Amino acid sequence: MAGFTTEALVREKFQLTDTTLVPVSLVNRNIDDAHLIFLRFLDPIFDLPSPAAPIVLGETLLAGAYLLRSIASGAAFARRKVTVGGQRVEPSGKTEALNTQADVAEEEAWRTMERYLVVIPTDKLAAATDTRPVLGEG
């Protein structure tokens, strides 16, 4: 399935030029994932062969966010704590920085595509409501 964005656009937007650390297959897999998620919320009238520029940018940002999280996950698994002569070398904050950048990119993606969506996705699982008496209380 072809997404609205491309590997080249994602790499350029996020400055991911190293194809060894960030292989083509990883970029394309995240583009496919972003496209599938995006299509769940896209208003069908905008699902065109030549989408509007904000749709392409939004999907580029969303794919980039997913890609950054994939890279962060890999970095987290590769972390090693090293102790040499009593001195500990702690892993860098790379994963946290990548995840923060991914969060920012994802928020920007949904904001960019907002007017093209049927529903704006939310990461809130539940909303709090006012307290009301139940079972005869009050």
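Provided above is the structure to which this section pertains.
Residues numbered from 1 in each chain as written. Predicted model: local features only at pLDDT ≥ 70, side-chain atom pairs only at ≥ 80, totals over all residues. Heavy atoms only, no water.

J.: Could you give an account of the overall build of the protein chain, with specific residues and numbers?
T.: Tallying secondary structure elements over the protein chain gives four helices and two strands in all. When its helices and strands are written in sequence order, the protein chain yields α-α-α-β-β-α. Counting the 138 residues in the protein chain, one finds 32% classified as buried. Sequence-distant contacts in the protein chain: of pairs separated by 6 or more residues, those separated by 24 or more amount to 75%. With the model as given, the accessible surface of the protein chain reaches about 9300 Å², and the carbon-plus-sulfur share is 57%. (Helix = DSSP H or I, 4+ residues; strand = E, 2+ residues; numbered from the N terminus. Buried < 20%, exposed > 50% of the residue type's maximum accessible area, 1.4 Å probe, protein only. Contact = heavy atoms within 4.5 Å. Areas by Shrake-Rupley, 256 points an atom, 1.4 Å probe, with all protein chains shown as cover.)

J.: Residues and numbers for the nonpolar core, please.
T.: Phe38, Leu62 and Leu67 are the most contacted members of the largest nonpolar core, which has 31 residues in total. If you tally residues by element for this core, the top one is helix α3 (residues 53–78), at 11 residues. Aside from chain neighbours lying at most four places away, what touches Phe38 is Phe4, Ile55, Glu59, Leu62, Trp110, Met113 and Leu117. (Core = buried A, V, L, I, M, F, W, Y, C linked by side-chain atoms within 4.5 Å.)

J.: Requested: an account of the environment of Ile37, with residues and values cited.
T.: Along the polypeptide, Ile37 turns up in helix α2 (residues 24–41). Classification of Ile37 by relative accessible area gives partly exposed; the value is 25%. As a C-alpha pair, Ile37 and Pro121 span 84 residues in sequence and 9.7 Å in three-dimensional space. Setting aside anything within four residues of it in sequence, one finds Ile37 in contact with Tyr66 and Trp110.

J.: So, the packing of helix α1 (residues 7–14) against α3: which residues are in play, and what are the values?
T.: It is the contact of α1 with α3, at a shortest axis distance of 9 Å, that shows an interaxial angle of 70 degrees. It follows that α1 is roughly perpendicular to α3 by the angle criterion. Between α1, through Leu9, Val10, Lys13 and Phe14, and α3, the contact on the second element is made entirely by Val56, Leu57, Thr60, Leu61, Ala63, Gly64, Ala65, Leu67 and Leu68. Residue composition of the contact of α1 with α3, by class: 10 nonpolar, two polar and one charged. (Axes fitted to C-alpha atoms, helices over the stretch in contact; angles between N-to-C directions. Parallel < 35°, antiparallel > 145°, perpendicular 65-115°, else oblique. Nonpolar A, V, L, I, M, F, W, Y, C, P; charged D, E, K, R; others polar.)

J.: Pulling in residues and values, what's your account of the pattern of salt bridges?
T.: Under the counting rule described, the total for this entry stands at four salt bridges. Salt-bridge contacts for Glu7 lead to Arg11; the nearest nitrogen and oxygen are separated by 2.6 Å. Taken together, the residues span about one helical turn, with Glu7 and Arg11 both in helix α1 at a distance of four residues. Judged by relative accessible area, which is 22%, Glu7 ranks as partly exposed. The salt bridge involving Arg111 is made with Glu108; its shortest N-O contact spans 2.8 Å. Of the two residues, Arg111 and Glu108 both sit in helix α4 (residues 94–113), three residues apart, roughly one turn of that helix. (Salt bridge = Lys/Arg side-chain N within 4 Å of Asp/Glu carboxyl O.)

J.: If you had to explain the packing of aromatic side chains to someone new, which residues and values would you point to?
T.: Counting across every chain of the model gives four aromatic pairs. Through a chain of ring-to-ring contacts, three or more aromatic side chains come together here, namely Phe4, Phe38, Phe41 and Trp110. (Phe/Tyr/Trp six-rings, centres within 6.5 Å; stacked < 30°, edge-to-face > 60°.)

J.: Go over the side chain of Glu59, please, and point to the residues and values.
T.: Among the secondary structure elements, Glu59 is positioned in helix α3. It turns out Glu59 is buried and unbridged, and the closest side chain with the opposite charge, Arg40, is 13 Å from it. Not counting the four nearest positions on each side in its chain, Glu59 is found in contact with Gly3, Phe4, Thr5, Ala34, His35, Phe38 and Met113. (Lys, Arg positive; Asp, Glu negative; His and termini not counted.)

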